[in-house]
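# Results of the structural survey
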Amino acid sequence: MTVTLEVADGVGTIRLDRPPMNALDVATQDRLKELAEEATRREDVRAVVIYGGEKVFAAGADIKEMQIMDHAAMVLRSRALQDSFTAVARIPKPVVAAVTGYALGGGCELALCADFRIAADNAKLGQPEILLGLIPGAGGTQRLARLVGPSKAKDLIFTGRMVKAAEAERIGLVDRVVPAADVYTEAHAWAARLAQGPALALRAAKESVDTGLETDIDTGLAVERTWFAGLFATADRETGMRSFVEEGPGKATFR
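These notes cover the structure that comes with them. It should be emphasised that the depicted structure is a prediction, and the values quoted were computed from it without experimental measurement.

Bringing the nonpolar core into the picture now. The biggest cluster of nonpolar side chains holds 60 residues, and the ones touching the most others in it are Phe 57, Val 99, Leu 125 and Leu 173. The dominant element in this core, judged by the number of residues it contributes, is helix α8 (residues 183-195), at six residues. Ignoring sequence-local partners within four residues, the contact set of Leu 173 consists of Cys 108, Leu 112, Arg 117, Leu 125, Leu 144, Leu 147, Val 148, Leu 156, Val 163 and Ala 168.

See below:
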């Protein structure tokens, strides 16, 4: 399998495994979508890590496969390409990307689908599609601009240049830079901590933030208001408030 899902301690690790560079061919894209949907359904998965292994996250699409595709073929394929990445972005649980080595093109776009990105100090990220006479096609023009702002996104997309980890952190493309040997450990620890949290409240928080970024503020506030009130019907809310009153903040154990 080019992509696998392993679950331990409430954390599902979606692992890319297509040596040598984890090129995202059609089969890998389709498998990624399947496993993102599985992680969404499974109750034993409470948080997710996206990982490409110790050497590389994903160096982009399979260019040899794409080279033989004409306009008609890509019209048929482009929606499935975007849908595979959107399935990751819409996992209603905390998702962290553990970025090692290269995260270029589709690899960078996949990292953009996570809620949080931890990168190795030797990582390099970018959207080099312009160098092929193309633009990002798996969400890069949209998610990158929302994450780092339009000017910085246009710089990366227009030039196709790679950024090293330090610059990626400075512009907000990644959230934390750690030694290469610690990337997966740090990502798993982040996910494992959130896996112990209130699942419905985390889902509500993620949907409220993501929806708000995609719509006007009044609609975003309505989504927030609906979720906020709805959480008062959950056992986790009762547990959290009772624990706060009786023991102080941060000591609740959620189901």
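For the rest of this paragraph, the subject is α8. Taking 1.5 Å per residue, 13 residues should reach 18 Å; α8 reaches 18 Å between its end C-alpha atoms and fits that length. Every buried residue of α8 is listed here: Val 183, Ala 187, His 188, Trp 190, Ala 191, Leu 194 and Ala 195. Viewed end-on, α8 has its buried residues packed into an arc of 155°, placing them on one side of the element. Exposed and oriented more than 90 degrees from the buried face of α8 are Thr 185 and Arg 193.

In a beta sheet, neighbouring strands pair by backbone hydrogen bonds and run either parallel or antiparallel. A sheet is described by the order of its strands in space; here six strands give the open sequence β1-β2-β3-β4-β6-β9, paired in mixed fashion. Across the chains shown, the open sheet's two edge strands, defined by having one partner strand only, are β1 (3-8) and β9 (176-178). Ignoring which end each strand starts from, the neighbouring axes of this sheet average 20° apart. Pairing analysis gives four bridges linking strand β3 (residues 47-51) to strand β4 (residues 95-99), with the strands arranged parallel. In the sheet register, Tyr 51 faces β4, and the bridge partner there is Ala 98.

Turning next to the pairing of strand β2 (residues 11-16). Regular strands place side chains that alternate from one sheet face to the opposite one. Within β2, five of the six residues are buried, which leaves the element mostly enclosed by the surrounding structure. Pairing between β1 and β2: six bridges, direction antiparallel. Along β2, the bridge assignment pairs Val 7 with Gly 12. As paired elements, β2 and β3 share five bridges and run parallel to each other. Its bridge partner being in β3, Thr 13 is matched across the sheet by Val 49. This β-α-β element, β2 to helix α1 (residues 26-41) to β3, shows right-handed connectivity.

Reading the values: rules and limits
- Residues numbered from 1 in each chain as written.
- Predicted model: local features only at pLDDT ≥ 70, side-chain atom pairs only at ≥ 80, totals over all residues.
- Heavy atoms only, no water.
- Core = buried A, V, L, I, M, F, W, Y, C linked by side-chain atoms within 4.5 Å.
- Buried < 20%, exposed > 50% of the residue type's maximum accessible area, 1.4 Å probe, protein only.
- Helix = DSSP H or I, 4+ residues; strand = E, 2+ residues; numbered from the N terminus.
- Contact = heavy atoms within 4.5 Å.
- Expected span 1.5 Å × (residues − 1).
- Arc of directions from axis to C-beta.
- Pairing = 2+ DSSP bridges.
- Axes fitted to C-alpha atoms, helices over the stretch in contact; angles between N-to-C directions.
- Right-handed = clockwise from strand over helix to strand, strands pointing away.

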